[in-house]
Amino acid sequence: MEEVRVRFAPSPTGYLHIGGARTALFNWLFAKSHKGKMVLRIEDTDQERLKEDSVSQILTSLKWLGLNWDEGPEVGGDKGPYYQSQRFDLYKKYCQQLLDEGKAYYCFCTTEDLEAQREKQRELKQPFRYARTCRDIPVEEAKKRAAAGEKYSVRIKIPLEGTITVHDLIHGDVDFNMDQFDDFVIMKSNGIPTYNFAVVIDDHFMGITHVLRAEEHLSNTPKQILVYEALGYKVPQFGHMPMILAPDRSKLSKRHGATSVEEFRDQGYLPEAIINYLTLLGWAPGSNDEIFTLADTVKVFDFSKMSKKAAIYDTKKLTWLNGQYLSTLPLANIVAAATPFFKAAGLVDDAFINDNKEFFAHLIDVVRVRVKTLLELVDASTYFFKDVTEYEEKGVAKHFKPETIGLLQICYDKLAALPQFDLTTTEQAYNDIAAEQGLSLGKVIHPTRLALTGRTFSPGMFDVMVLLGKEKTLTRLQKAIEFIKTK
C-alpha cells in the first residue's frame, strides 16, 4: 500500500490562525492514524504579504501544540526545499514544459487591457472571465514577442467545454462546469508562480497522497486538477473540511476575540485544551466523550466522521475544556506552564522558585481547580504574594458589619493560640468557633476569606491560611478588624 503523505502549507503572513491550526491538526491525525508522514511546507512566494518572523512564530506554535512534522523546516527531508521561494527553478521548468507542449501560452494583455475586459463584462452583469485574447497567437510569434522583451504572463489552456469532477473525501463528487473558469494565469509577469500552479508542482514532487484543507479551497481544486492533468501527474485525494464560523455564523474575524494560537497561549490556555477543542470543530469521536488527548484521538480517528456542516467557534467551550485540563494534568506540567505568567506579573523570580519549590507547587495545586486559565490562576494567587490593600465592595457590604469585629477577634485569638498551624488544626478551630457562637461554618469563613484575600471567592479557606502561614493570617485578620472599625 502506498505510504500516506499529507502536508500543511501555511503562508507566513502572520500568526498561526486557529483555522490553520485545525488544518494542521487533522493532517497530523490523518498521517498518524495511517502510519504516514506529515510534510510542513512554507508557501512564501507572495513577498508583499510576508511578515517578518512569521515563519518562526508558526513553527513555534505548531511545536507548542505538539504537532511535530516529519519533513520540512528544521527537520529536513529528501523532497525539499520546503520553502516555495527556494523552488522557483522547478516552477519555471514545468511552466516552460507546458508552453512547449502547447498546453499553456504567453499572454501579453496589459493591466489596462484586462480592466477594459472587466468593465465590459461588468456592464453586461457578467462575472469576469479572461477573453482568451492571446490564446490563438501563433507560437513562433509569441516567442518572438517574448524574446523581444514584451511583458507577458503565462496562462494554461483549458478545455472550452465539459465538466470537471472533484472526488472529495467529505463532500463526495462535486461537479464544476468548464464555463466557470477561464484560462487562468500560472506564471505572473514578474516570474512568480500563482498558487494554483505552484501547489501542484510541490504536492507532486513531495509525494503528497492526500490534500486535506479548508472548504474555502474547494473552488481552487478544479483548477489544480487541470494542472495535474496537463502535466500528466497523478491527482491526489482531496478532502475539504468545514469552515469555522463565528457564533453569529459570519466569517471568523478579530471582532470575535482571539483567533490565533499565540493569542490563546498568551491568555493562559493550555495546548492540550486547544487541541481537544479543535478536534471537536467538525469531527466527532462517535461517543459522548468530550475530553481526549492527541494519543486517544489517533486510536479512533476516522476522517469519514468529518462533518459537512460549518463548525461554530465557541470560546466558552474552549475555556471550559481549559479548566478541565488545568485541574487534571500532572501538577508539574501546570507549574511549568504557569511559571512564566507568575514571572510576567512580577510575583516571583527564579530565586524565589528555587527556594520555595514545594510552596509554589502547593499554591498552584490549591488554586488551579477553581480557575479556567493560567492568567486567572495568577490573578487568583496575587494575595499570597502581595498585601491586601482593598476589599471587594460587595463583600464589605455583606460580611464586614460592626458585629463582625468581635467574630474576627475570636478567630484571631483562637488561631493565635494554636501550637500547630495546619489544615487539620485550623479547620478544627473554625468548627469550634462556629459551634460556640451558634453559627454556621460559612458565617465564620466568609468574613475571614474577605479579610485574608480581599475577595469573596478563593480556594478552600484552610488551604489559604496554611499557605499564608500563621503570621500573615493573623496580621490580615487584625488589619480587617481595624478597617471595619473605621467604616
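Scroll up a little and you will see the structure.
This one's a predicted model, so the numbers in the text were calculated from it and none came from an experiment. (Residues numbered from 1 in each chain as written. Predicted model: local features only at pLDDT ≥ 70, side-chain atom pairs only at ≥ 80, totals over all residues. Heavy atoms only, no water.)

## Some thoughts on the overall build of the protein chain
The helix and strand inventory of the protein chain stands at 20 helices and 11 strands. The C-alpha atoms of the protein chain give a radius of gyration of 32 Å, which is well past the 23 Å a tight globule of 487 residues would have. Taking the principal axes of its C-alpha atoms as reference, the protein chain extends roughly 105 × 50 × 40 Å. Residue burial in the protein chain is summarised as follows: out of 487 residues, 49% are buried. Counting only contacts in the protein chain whose residues sit at least 6 apart along the sequence, the fraction spanning at least 24 positions is 76%. If you sum the accessible surface of the protein chain, you get close to 23600 Å²; carbon and sulfur atoms cover 50% of it. Here the protein chain contributes 62 positively and 66 negatively charged side chains, and the mean placements of these two sets differ by 2 Å. (Helix = DSSP H or I, 4+ residues; strand = E, 2+ residues; numbered from the N terminus. Rg over C-alpha atoms; globule rule 2.2 N^0.38 Å. Buried < 20%, exposed > 50% of the residue type's maximum accessible area, 1.4 Å probe, protein only. Contact = heavy atoms within 4.5 Å. Areas by Shrake-Rupley, 256 points an atom, 1.4 Å probe, with all protein chains shown as cover. Lys, Arg positive; Asp, Glu negative; His and termini not counted. Charge placed at Lys NZ, Arg CZ, Asp CG, Glu CD.)

## Quick look at the environment of E358
Along the chain, the position of E358 falls in helix α14 (residues 357-368). With 110 residues separating them along the chain, E358 and D248 place their C-alpha atoms 46 Å apart.

## Some words on helix α3 (residues 88-100)
Relative to the 18 Å expected for 13 residues at 1.5 Å per residue, α3 spans 18 Å between its end C-alpha atoms, a close match to the ideal helical length. Within α3 the residues assigned to the buried category are Y91, Y94, C95, L98 and L99. Within α3, the buried residues cover an arc of 155° as seen down the axis, which keeps them to one side. Facing away from the buried side of α3 by more than 90 degrees, the exposed set consists of D89, K93 and D100. (Expected span 1.5 Å × (residues − 1). Arc of directions from axis to C-beta.)

## Comments concerning the environment of A273
One can find A273 in helix α9 (residues 271-279). Sequence separation between A273 and Q324 is 51 residues; the distance between their C-alpha atoms is 8.3 Å. Residues within four places of A273 in sequence aside, it is in contact with L318, L321, N322 and Y325.

## Topic: the packing of helix α1 (residues 18-33) against α9
Where α1 contacts α9, the axes come no closer than 10 Å and their chain directions differ by 80°. Considered as vectors, α1 and α9 are oriented roughly perpendicular to each other. Mapping the contact onto sequence places I18, A21, R22, L25 and F26 in α1 and I274, I275, L278 and T279 in α9. (Axes fitted to C-alpha atoms, helices over the stretch in contact; angles between N-to-C directions. Parallel < 35°, antiparallel > 145°, perpendicular 65-115°, else oblique.)

## Some thoughts on the sheet that holds strand β3 (residues 104-107)
Taken in spatial order, the three strands line up as β3-β4-β7 in an open sheet, and their pairing is antiparallel. Of all the strands in the sheet, the pair left with one neighbour each is β3 and β7 (185-187). Taking each pair of neighbouring strands and ignoring which way they run, the sheet shows an average axis angle of 45°. Pairing between strand β4 (residues 153-156) and β7: two bridges, direction antiparallel. Within β7, the residue paired with R155 across the bridge is V185. (Pairing = 2+ DSSP bridges.)

Nothing here speaks to function; it is all geometry.
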